[in-house]
Amino acid sequence: MKIFFLFTFSTFLLSAFEQATASAHYDKILTHSRIRARDQGPNVCALQQVMGTKKKYFSTCRNWYQGAICGKKATVLYECCPGYMKMDGTRGCPAVAPIDHVYGTLGIVGATSTQQYSDISKLREEIEGRGSFTFFAPSNEAWEQLNSEIHRNLVDNVNIELYNALHHHMVNKRMLTKDLKNGMTLVSMYNDQKLLINHYPNGVVTVNCARIIHGNQIATNGVVHVIDRVLTAVGNTIQDFIEVEDDLSSLRAAAITSDVLDILGRPGHYTLFAPTNEAFERLPRGVLERIMGDKVASEALVKFHILNTLQCSEAITGGAVYETLEGNTVEVGCDGESLTVNGVKMVKRKDIVTSNGVIHLIDEVLIPDSAKQVIELGGAQQTTFTDLVAQLGLASSLRPEGQYTLLAPLNGAFSDDTLRMDQRLLKTILQNHIIKVKVGLNELYNGQELETIGGKLLRVFVYRTAVCIENSCMVRGSKEGRNGFIHIFRQIINPAEKTLHEMLRNDKRFSVFLSLVKAADLDDVLSRPGEWTLFVPTNDAFKGLTDDDKDILIRDKNALRNILLYHLTQGVFIGSGFEPGVTNILKTIQGGKLYLKTVNDTLLVNELKSRESDLMATNGVIHVIDKLLYPADLPVGNDQLLTILKKLIKYIQIKFVRDSTFKEIPLTFYNPSITQLTKLIEGEPEFKIVREGETITKVIHGGPEIKYTRITAGGSDNEEKLKKLLEEEVTKVTKFIEGDGHLLEDEEIKRLLQGAGTEYTKVTKVIEGEPQIIEREIKKVHLEEAPVRRVQPTRRTQGGAARRRTRLAYS
């Protein structure tokens, strides 16, 4: 008994699993329709009917909740689900429809025209008899919509033409909708003609692109599916159709040129949106000639019209995106009875079924971005930029064979004042938006520099949710064309021209802040190359600050540096690069933290509004504020300083801890020294005594000469040693001396030149220009003490010894 129970239970589970896996999209959608109509009684299905038409659908959730199909309002109908019928005096559809042979079932489902034609063509006897058939029966409306000439020919020759046509709608085995798999091919009972089945996720099932509108009506000798059109014979391949269709000669030429035509002759399930000759004639002549003359562009053009899936028009009940053979996507939708491509009604003729796909004729040519010139990639929001590029003659410099990147600001970025500028200045601005090379979004990285056709270098800043170039950040919409990329930007890009220090010096609003910077010995920080973000208070932030107050601040250099360096942080942070509404924490050079976020395109710093942001400098960015910043957790231990700070800072409570002091902040944080020398300098070497820990960098302009001496006497070993020595990187040496300094004697210098002494460090010299190596032939080399070139009073070092200079002398 137990074994019998286990066997029965296992059989049940397997049966349930098979049912679940066999359940197809059509059946799932039908189940949802029953659920929506459950209040109407048993076995009732809810359908949507497109207003003004007889088209009815078992709807997807999307169509149901939108209350529309193909953009047209749909009304809700309640009908008996397939296989059930009403009974007088009862709710819903409680009765099972009677089961009959296929001929009788045609009458049950209302396909009376097909039933009549089966009778007069002598098919009736066959479909009433023994067998197992699937009959795809055209509805009465389908016969009415059939081409009148074809209809007349069928009726006039019922014993052959009509009989064969009906056999073409039949398969010699029972196939329920769950058995009709997407992409399968059935063999009809007429001359083994193919029937192409497509079963779509929205529940639509098609046979040669005819939609099943009433499925799974079981008969004693098969099943009947009612379809919405009369099936016609499937042609050969898409390639065959293109080769013989006169109205597609332009497409045929493009497909041959690009070697794509052969693809359409291979087995597959393709959809071709085929532009007619008229569509090609509408293209600007120059555009068509350029594309047809470029095999890569023409191949992209043709492949952009081909989907690798078969999309019958009846299966499209809403917009959906499909990938083309070119790689990009198109949106295929519908508007009432019309198909749309990328939102445009352009389909002239639908559902030309072939053995390897379907063709829809369209009256526009679809040009993919990959076949366009970079200047043609601009959309409706970049027309100001693209128009100006054309008007100012820059478009002609973008050669088809070149590689470029356009940084296109949105239309709103161009103010009236900008558009009224002198055209020469405006052209310079636009040149700063055209990069010499082709750079995609995924090739950009933080710290990258891009050279424009105007010769400017633009810096790239990459943040968590934004990519910015100089002061402007990208928005979505980057595209790749045949000769370049286009990226969309919020604002006009303003390349930096001055350092942070120069910008402060040239703007009177910052004079007080700059004077404090100078007093704290920090002006060098703002002048050197680097990457800084500086929050600069205007003079309004120092209202009420007297000269005496200022003197007190300046005298306490540690306190002043702590306050000023709380306004400085390492790295370049663009205001529009921050994720909106999210707090970003930056560590300042002082050690405290700044809290930044953007709200309604306004930058907030510690909740204080920045009055002007993203002022770009060659070594950073400035954000203007009208309050002095101060770290809330930093106590003050001096009464005078507390009084001064309370005058200036009223938005926070400053802590007071008597006798507390500010930490010392050494200026090593910006590390101005370079510690390795790479070039040999002509002239007399100068030796300078420095303290331990002090380093010196000297910038030398001009083209230095690297010299070495060939020795003609004294042996080859000496020659090789000296040559090697003088070709090495080191030319100037600084010796760290503890205590009072002393001069280097000749023997020490000789040891230095001979590579001795690991206690000596190298000093870097930054040299502009390429060195020249000059070889001189002399007889003898020796070291001698020599005076400097200009007679000067003898200078003494800290220890009091006379300063001497030693150089190589030739005799």
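Residues numbered from 1 in each chain as written. Predicted model: local features only at pLDDT ≥ 70, side-chain atom pairs only at ≥ 80, totals over all residues. Heavy atoms only, no water.

Caption draft 1: Just the overall build of the protein chain, in detail. Broken down by element type, the protein chain carries 24 helices and 43 strands. The burial tally for the protein chain puts 46% of its 811 residues in the buried class. Look at the contacts in the protein chain between residues 6 or more apart in sequence, and 65% of them connect residues 24 or more apart. Of the accessible surface of the protein chain, which amounts to about 41,800 Å², a share of 49% is contributed by carbon and sulfur atoms. (Helix = DSSP H or I, 4+ residues; strand = E, 2+ residues; numbered from the N terminus. Buried < 20%, exposed > 50% of the residue type's maximum accessible area, 1.4 Å probe, protein only. Contact = heavy atoms within 4.5 Å. Areas by Shrake-Rupley, 256 points an atom, 1.4 Å probe, with all protein chains shown as cover.)

Caption draft 2: View of the sheet that holds strand β20 (residues 347-354). Pairing in this open sheet of 4 strands is mixed, and the strands run β15-β14-β21-β20 from one edge to the other. Here the strands that pair on one side only, and so sit at the sheet edges, are β15 (306-307) and β20. Where strand β14 (residues 270-275) and β15 come together, 2 bridges link them in antiparallel fashion. Across the sheet, Leu272 pairs through a bridge with Ile306, a residue of β15. (Pairing = 2+ DSSP bridges.)

Caption draft 3: Representation of the nonpolar core in the model. Within the largest apolar cluster, 45 residues are counted, with the highest numbers of intra-cluster contacts made by Leu504, Ile622 and Tyr630. Within the residue set of this core, elements represented by two or more residues are α18 (500-505), α19 (511-519), β29 (532-537), α20 (547-555), α21 (557-565), β34 (608-617), β35 (620-625) and α22 (639-648). If sequence neighbours within four positions are ignored, Tyr630 has contacts with Ile563, Tyr566, Pro635, Val636, Leu645, Ile649, Tyr651, Ile652, Ile654 and Phe662. One finds Phe241, Val260, Leu264 and Ala274 within the second-largest nonpolar core, a separate group that totals 29 residues. (Core = buried A, V, L, I, M, F, W, Y, C linked by side-chain atoms within 4.5 Å.)

Caption draft 4: Broad picture of the packing of aromatic side chains. For the structure on display, the rule yields 4 aromatic pairs. Taken together, a centroid distance of 6.3 Å and an interplanar angle of 90 degrees make the contact between Tyr26 and Phe58 edge-to-face. You can see Tyr26 sitting in helix α2 (residues 25-36) and its partner Phe58 sitting in the loop between β2 (56-57) and α3 (61-66), a full 32 residues away along the chain. By relative accessible area, Tyr26 is classed as buried at 4%. Judged by relative accessible area, Phe58 falls into the buried class, the value being 17%. Aromatic ring contacts, followed pair by pair, group Tyr463, Phe573 and Phe578 into a single cluster. Between the NZ or CZ atom of Arg211 and the centre of the ring of Tyr57, over which it lies, the distance is 4.0 Å. (Phe/Tyr/Trp six-rings, centres within 6.5 Å; stacked < 30°, edge-to-face > 60°. Lys NZ or Arg CZ within 6 Å of the ring centre and 35° of its normal.)

Caption draft 5: Seen up close, the environment of Thr538. In this structure, Thr538 sits in the loop between β29 and α20. Residue classification places Thr538 among the buried positions, given a relative accessible area of 10%. Separated by 27 residues in sequence, Thr538 and Ser511 have C-alpha atoms that sit 8.0 Å apart. If sequence neighbours within four positions are ignored, Thr538 has contacts with Arg509, Phe510, Val624, Ile625 and Asp626.

Caption draft 6: Spotlight on the sheet that holds β35. Read from one edge of the open sheet, 7 strands run β30-β29-β35-β34-β33-β32-β31, paired in mixed fashion. Two strands in the sheet have a free side with no partner beyond their single neighbour: β30 (568-570) and β31 (584-587). Neighbour-to-neighbour, the strand axes of this sheet turn through a mean angle of 30 degrees, independent of strand direction. In the sheet, β31 pairs with strand β32 (residues 593-599) via 4 bridges, with the strands oriented antiparallel. Bridging from a neighbouring strand, Asn584 pairs with Leu596 of β32. (Axes fitted to C-alpha atoms, helices over the stretch in contact; angles between N-to-C directions.)

Caption draft 7: Layout of the pattern of salt bridges. Enumeration over the complete set of coordinates arrives at 37 salt bridges. For Asp228, the salt bridge identified is with Arg229, shortest N-O distance 3.8 Å. Taking the relative accessible area as the measure of exposure, Arg229 reaches 24% and is therefore partly exposed. Between Arg509 and Glu612 there is a salt bridge whose closest N-O contact spans 3.2 Å. Of the two residues, Arg509 is situated in the loop between α18 and α19 and Glu612 in strand β34; the sequence distance between them amounts to 103 residues. The exposure class assigned to Glu612 is partly exposed, which follows from its relative accessible area of 30%. Bridged by salt links that share partners, the residues Lys55, Arg211, Asp228, Arg229, Glu314, Glu337 and Asp351 form one connected network. (Salt bridge = Lys/Arg side-chain N within 4 Å of Asp/Glu carboxyl O.)

Caption draft 8: Here's a closer look at the pairing of strand β13 (residues 222-227). Within β13, 6 of the 6 residues are buried, which leaves it mostly tucked inside the rest of the structure. Across the two faces of β13 the burial is the same, with Gly222, Val224 and Val226 and Val223, His225 and Ile227 all buried. In this structure, strand β7 (residues 133-138) lies alongside β13, joined through 6 bridges in parallel fashion. Bridging from a neighbouring strand, Thr134 pairs with Val223 of β13. Relative to β13, strand β12 (residues 210-219) runs antiparallel, the two being bridged by 5 bridges. Paired with His214 across the two strands is Val226, which belongs to β13.

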